[in-house]
Amino acid sequence: MMSQLFERLHVMLALLAIWLFITADQVHLANRIHVNAGFWDYNHIVLGSITALLSLCFLYKCCRLGQWRLYFGWCIGQISPIVNDLRQLKNKQLPAAGAPGLLTFIEGFGLILMVLVGLSGCGWLMSQGGSMAMTLRDCHIDLAGALFWYLIVHAIASFSHFLEMLR
């Protein structure tokens, strides 16, 4: 069952993120869940919490069995694959997908960003009414904005690789 979940995590996270972005304008939360909170507020809290948990599972999936080196090799000084991919781009060649380099570095950044969005949202939920609630809310909104633009770039890059495979 866990392996089936791992196989579907990417699609589930994409669909949840799209839903949360589409409906975010309907959410009216500040430093706590207000008395008149409605469907959209609770929808965002519940689905956001599920997304936060799934993003941690996805990070684990991507990092287990030594695969963390693929996304975070730069943490141990393996930057030459990234530099090589940048040189390829300079020569108008797309970097290889699925190999250590620029694309997996960018994917690793997205993994961390997704987890941070989830953790900041859960942090807000746990600190409701406290002195950190508004700070965590602002942080959550800023991180979600960065994730939004990251996902657009990720989708364009994925689509360009899909087109490249068709050639």
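Residue indices begin from 1 for each chain and proceed along its sequence in written order. Per-residue local features are limited, in this predicted model, to residues with pLDDT of at least 70; the limit for side-chain atom pairs, both in listing and counting, is 80 or more; totals at the level of whole chains, interfaces and linings are taken over all residues. The side-chain figures draw on all heavy atoms in the structure; neither hydrogens nor water molecules are used.

Visitor: Help me get a handle on a nonpolar patch on the surface, residues and values and all.
Guide: Any residue with relative accessible area above 30% and no salt bridge may belong to a patch, with like charges joined within 9 Å and the nonpolar Val, Leu, Ile, Met, Phe, Trp and Tyr side chains within 5 Å. In these tables, accessible area is a Shrake-Rupley quantity obtained with a 1.4 Å probe, and a residue counts as shielded only by the protein chains included in the view. By definition here, a salt bridge exists when the distance from a side-chain nitrogen of Lys or Arg to a carboxyl oxygen of Asp or Glu is within 4 Å. A contiguous nonpolar patch, built from Trp-74, Ile-79, Val-83, Phe-105 and Ile-106 and spanning about 390 Å² of accessible area, is present on the exposed surface. Only DSSP runs of H or I reaching four residues or more are called helices, and only runs of E reaching two or more are called strands; each is numbered from the N terminus. Secondary-structure assignment places Ile-79 in the loop between α3 (68–72) and α4 (80–90). Classification of Ile-79 as partly exposed rests on a relative accessible area of 46%. The cut-offs for exposure are 20% and 50% of the maximum accessible area for each residue type, with area from a 1.4 Å probe on protein chains only; residues under the lower value are buried, those over the upper are exposed, and the others partly exposed.

Visitor: Mind laying out the packing of helix α2 (residues 39–63) against helix α5 (residues 102–126), listing which residues take part and the relevant values?
Guide: At a minimum axis distance of 9 Å, the contact between α2 and α5 shows a crossing angle of 140°. Classified by the interaxial angle, the pair formed by α2 and α5 is oblique. For the crossing formed where α2 meets α5, the hand is left-handed. Each of Ile-45, Ser-49, Thr-51, Ala-52, Ser-55, Leu-56, Phe-58, Leu-59 and Cys-62 in α2 lies in contact with α5, whose residues at this interface are Leu-111, Met-114, Val-115, Gly-118, Cys-122, Trp-124 and Leu-125. Interaxial angles span 0 to 180 degrees and are taken between N-to-C directions of axes, which are lines fitted to C-alpha atoms, for helices over the stretch in contact. Angle categories are assigned with fixed cut-offs, so that under 35 degrees is roughly parallel, over 145 is roughly antiparallel, 65 to 115 is roughly perpendicular, and the rest are oblique. Left-handed describes a crossing whose near helix is turned anticlockwise from the far helix by less than a right angle; the clockwise case is right-handed. Only heavy atoms enter the contact rule, under which two residues are in contact if any of them lie within 4.5 Å.

Visitor: Before we move on, could you go through the side chain of Ser-55 and cite the residues and values that matter?
Guide: As for its position among the elements, Ser-55 is in helix α2. One polar contact links the side chain of Ser-55 to the main-chain carbonyl oxygen of Ala-52, over a distance of 2.7 Å. By the criterion applied in these results, polar contacts are pairs of N or O atoms within 3.5 Å in which, for protein atoms, one can donate a hydrogen and the other can accept it, and in which residues neighboring in sequence qualify only through two side-chain atoms.

Visitor: Give a description of unusual backbone geometry that names residues and reports values.
Guide: Phi angles above zero are rare outside glycine, and Leu-65 is one such case at about 55°. As for its position among the elements, Leu-65 is in the loop between α2 and α3. Leu-65 sits in the exposed class, given a relative accessible area of 80%. For Lys-92, which is not a glycine, the phi torsion comes out positive at approximately 60°. With respect to the element layout, Lys-92 can be found in the loop between α4 and α5.

Visitor: Provide a residue-level description of the nonpolar core, including the pertinent values.
Guide: To define a nonpolar core, start from buried Ala, Val, Leu, Ile, Met, Phe, Trp, Tyr and Cys residues and group those joined through side-chain atoms within 4.5 Å. Counting residues in hydrophobic clusters, the biggest one holds 21 residues, and the most contacted among them are Leu-9, Phe-58, Leu-111 and Leu-147. Elements with a contribution of two residues or more to this core: α1 (2–23), α2, α3, α5 and α6 (133–166). Leaving out residues up to four positions away in the same chain, Phe-58 has contacts with Leu-9, His-10, Leu-13 and Leu-111. Judged by nonpolar contacts, the second largest core, of five residues, contains Val-27, Leu-29, Ile-45 and Ala-133.

Visitor: Any chance you could break down empty space enclosed by the protein for me, citing the residues and the numbers?
Guide: Over the atoms, a rolling probe the size of a water molecule traces out where space has been left empty. Cavity: a set of points on a 1 Å grid over the protein atoms alone where a 1.4 Å probe fits but cannot get out. Pocket: an open set with protein on both sides within 12 Å along at least five of seven lines, its lining residues, like those of a cavity, having an atom within 4 Å of a point. Grid points are joined across faces, edges and corners, and a volume is the space filled by probe spheres set on the points. As enumerated under the stated definition, the model contains one cavity of 30 Å³ or more in all. Quantified by volume, the largest cavity comes out at close to 70 Å³. Looking at the lining of the largest cavity, the elements that each hand over two or more residues are α3, α4 and α5. At four residues, the largest contribution of residues to the lining of the largest cavity is made by α3. Any residue that is not Ala, Val, Leu, Ile, Met, Phe, Trp, Tyr, Cys, Pro, Asp, Glu, Lys or Arg is counted as polar, Gly included; the first ten are nonpolar and the last four charged. Among the residues forming the lining of the largest cavity, the class breakdown is eight nonpolar, four polar and one charged.

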